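Examining the three-dimensional arrangement
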Amino acid sequence: MPKSNKPIVWGLFAAGGTVTAFITPVLVVLTLLAAAGHVPDLLTYDRLHAFAAHWIGKAVLFGIVFLSLWHAAHRLRITLHDFGIRGDALVAVVVYLFAAAGSVASAVTLLRI
Amino acid sequence: MSERRIELEVLRYSPERDREPRFQSYTVPCLDEWVVLDALNHVKDHLDTTLSYRWSCHMAVCGSCGMMVNGEPTLACKAFVRDYPDRIRVEPLANFPIERDLVTVMDDFMEKLARVKPWLIPGEDKTLGSGEHRQTPAELKRFKQYTMCINCMLCYSACPEYGLVPEFLGPAAIALAHRYNLDSRDGGRAERQEIIARDEAVWQCSFVGACSEVCPKHVDPAGALQQVKLASTVDWYREHLLPWVKK
């Protein structure tokens, strides 16, 4: 039995977990602030649009979306396994397809900006 | 000294006599400072000499008296009766076959433990005359926590993954492999990785964390396994993307 190839999916999962832990709460707070009408000067629509229009901004945003989705997909896969749902291959295909579809959608959206 | 009567429900099973396990109840007068192991010893000494269970040191060092106390993997010598209600149910460790009463068959764990080579494989050839392998306090600190394991198998009993997939190498064995991998005097990591970086080894862990919760010696096997995952991931990328770089 050779060494596992799981590091491919787990490495992205771990990176996504780090991103989700550090960035997502910030995004939630900022979104709530914006919804309440308190948009800091730094985060006005024009500035954020300019950020997303630059290729570095696109890369950062895509990285956050892709890693977060991958993390969520892998977490869901493992959770279903822990709940005793057998059929890991089917579960893996479905959840990773969701993550891939979301990533492609975010890439398309970003490229259009 | 106050005395309290408790109902001790003990799982009994004799392979020659019983078709399946059953519970037997004993009324035990317990002193305030008694642990569940004391109550079992009282049963053995005064009420029923046929009861079988493992124990030795009575001080959480030998790791023999692991059992389910009210459904949780615990060392019977560390479970104070005063912390439990008047009815205490004692069963053999979950996830292991029963040999007799509270005694489980440990063969699976013993075989897995040996497989990870949990001993020092010297990194450099050194004759006895050239002196000891020196280690700084900082180097010792890296792995000392993982040396506290007493092989009590509570972590295997608590691990739902081991219950689902019996081939899983399991928390204690991988944490001990990690202990030697982190040792500055050791050179056996490549050999051990061949065992612990497989699908049915560290990658079977879904980080439930129950192993660390029940560990009586605060080894934190779950933490060790996550560190092994990270190190194995770095290995994987080095081996596949930079195959020309020597380890």
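Throughout what follows, the structure given in this document is the object of discussion. The model shown is predicted, which means the values in this text are computed figures rather than measured ones.

**Overview of the interface of chain B and chain A**
Between chain B and chain A, the residue contacts involve 22 residues of the former and 15 residues of the latter. Counting each side, the surface lost to burial between chain B and chain A is near 1600 Å², with a carbon and sulfur contribution of 57%. The tally of links from chain B across to chain A stands at one salt bridge. Close ionic contact of glutamate 239 of chain B with lysine 3 of chain A constitutes a salt bridge, the shortest N to O distance being 3.0 Å. For the side of chain B that touches chain A, the secondary structure elements donating two or more residues are α5 (160–164), α7 (189–196) and α9 (221–241) of chain B. Counting residues per element, the side of chain B that touches chain A draws most heavily on α9 of chain B, at nine residues. Here the residues of the side of chain B that touches chain A are counted per class, giving seven nonpolar, seven polar and eight charged.

**Focus on the pairing of strand β1 (residues 3–12) of chain B**
All names here are of chain B. In the sheet, β1 pairs with strand β2 (residues 22–31) via ten bridges, with the strands oriented antiparallel. Paired with glutamate 3 across the strands is leucine 31, a residue of β2. Inspection of the sheet shows β1 paired to strand β5 (residues 87–91) by four bridges, in the parallel sense. What sits directly across from glutamate 9, in β5, is arginine 89.

**Comments concerning helix α1 (residues 7–35) of chain A**
Compared with an ideal rise of 1.5 Å per residue, which puts 29 residues at 42 Å, α1 of chain A spans 39 Å between its outermost C-alpha atoms and is within 8% of the ideal. Roughly 35° is the biggest bend found in α1 of chain A, and it falls at threonine 20 of chain A. Listed in full, the buried residues belonging to α1 of chain A are Pro7, Val9, Trp10, Gly11, Phe13, Gly16, Gly17 and Val19 of chain A. For α1 of chain A, the secondary structure elements touched by its buried residues are α3 (55–82) and α4 (88–112) of chain A together with α9 of chain B. Of the residues trailing α1 of chain A, glycine 37 of chain A is marked for its positive phi of about 90°.

Calculation notes
- Residues numbered from 1 in each chain as written.
- Chains lettered and ligands numbered in written order.
- Predicted model: local features only at pLDDT ≥ 70, side-chain atom pairs only at ≥ 80, totals over all residues.
- Heavy atoms only, no water.
- Contact = heavy atoms within 4.5 Å.
- Buried area = accessible area lost by both parts, 1.4 Å probe.
- Salt bridge = Lys/Arg side-chain N within 4 Å of Asp/Glu carboxyl O.
- Helix = DSSP H or I, 4+ residues; strand = E, 2+ residues; numbered from the N terminus.
- Nonpolar A, V, L, I, M, F, W, Y, C, P; charged D, E, K, R; others polar.
- Pairing = 2+ DSSP bridges.
- Expected span 1.5 Å × (residues − 1).
- Bend = angle between axes of the 7 residues up to and from the residue.
- Buried < 20%, exposed > 50% of the residue type's maximum accessible area, 1.4 Å probe, protein only.

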